[in-house]
Amino acid sequence: MMYIDDCIDSVIKYLDVPTEKLRLRTYNVNAMSFTPQELIEEVKKFVPDLKVTYNVDSRQEIADSWPEIFDDSGAKKDWGWKHKYDLPKMCEVMFTKLRQHYNK
């Protein structure tokens, strides 16, 4: 998972790297990984009365087949990739912007 600002920043940084520094044909970038429960707990800091129910469906099998963490060590080494947003910071920014937008 990645907050959009980190995604855009990764593309800009990649495009700015001199080609002689790029050792790989493709690069992974990674920022955070969390469970539904971790997300719920973080959102509850902003919406304390939040109640969530969900059911796992057949798409979970697809997600379970993916790697737990994408290896972004090449991007870190070749062009200094580093994300700025973790789950708490992402939620803080998103809820701040939502409140501003909805004047709450």
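Look up: the structure comes first, before these words.
An account of the accompanying structure is given in this report. (Residues numbered from 1 in each chain as written. Predicted model: local features only at pLDDT ≥ 70, side-chain atom pairs only at ≥ 80, totals over all residues. Heavy atoms only, no water.)

### Remarks on the overall build of the protein chain
The line we're drawing: Only DSSP runs of H or I reaching four residues or more are called helices, and only runs of E reaching two or more are called strands; each is numbered from the N terminus. Throughout, radius of gyration means the C-alpha value; the globule benchmark is 2.2 Å times the number of residues raised to the power 0.38. For each residue, the accessible area found with a 1.4 Å probe, counting protein chains only, is set against the maximum for its type, and the residue is called buried under 20%, exposed over 50%, and partly exposed in between. What makes two residues a contact is simply this: any of their non-hydrogen atoms within 4.5 Å.
Regarding its fold elements, the protein chain presents five helices and zero strands. Counting helices and strands in the order they occur from the N terminus, the protein chain gives α-α-α-α-α. Its C-alpha radius of gyration of 17 Å places the protein chain more than 25% over the 13 Å reference for a compact globule of 104 residues. Dimensions of the protein chain, computed from the C-alpha atoms along their principal axes, are close to 55 × 35 × 15 Å. When each of the 104 residues of the protein chain is scored for burial, the buried share is 24%. Here the contacts in the protein chain between residues at least 6 apart in sequence split such that 85% fall between residues at least 24 apart.

### Side note on a nonpolar patch on the surface
What counts, and what does not: Like charges within 9 Å and nonpolar side chains (Val, Leu, Ile, Met, Phe, Trp, Tyr) within 5 Å are joined into patches, using only residues over 30% in relative accessible area that form no salt bridge. Working definition of accessibility: Shrake-Rupley area with a 1.4 Å probe, residue cover restricted to the visible protein chains. In the sections that follow, a salt bridge refers to a side-chain nitrogen of Lys or Arg positioned within 4 Å of a carboxyl oxygen of Asp or Glu.
Taken together, the side chains of I4, I8 and I12 define a hydrophobic patch exposed on the protein surface, amounting to about 270 Å² of accessible area. Overall, I12 belongs to the partly exposed group, its relative accessible area being 44%.

### Quick word on the nonpolar core
The condition is simple: For the purposes of this section, nonpolar cores are sets of buried Ala, Val, Leu, Ile, Met, Phe, Trp, Tyr and Cys residues that join through side-chain atoms within 4.5 Å.
In this structure, Y3, M32, V43, F46, Y85, L87, M90, C91, V93 and F95 together form the largest nonpolar core, which totals 10 residues. Among the elements that line this core, the one with the most residues is helix α5 (residues 87-102), at five residues. Not counting chain neighbours up to four residues away, the residues in contact with L87 comprise M32, F34, E38, L39 and E42. By size, the runner-up hydrophobic cluster in this structure holds five residues, among which are V17, Y27, A75 and W81.

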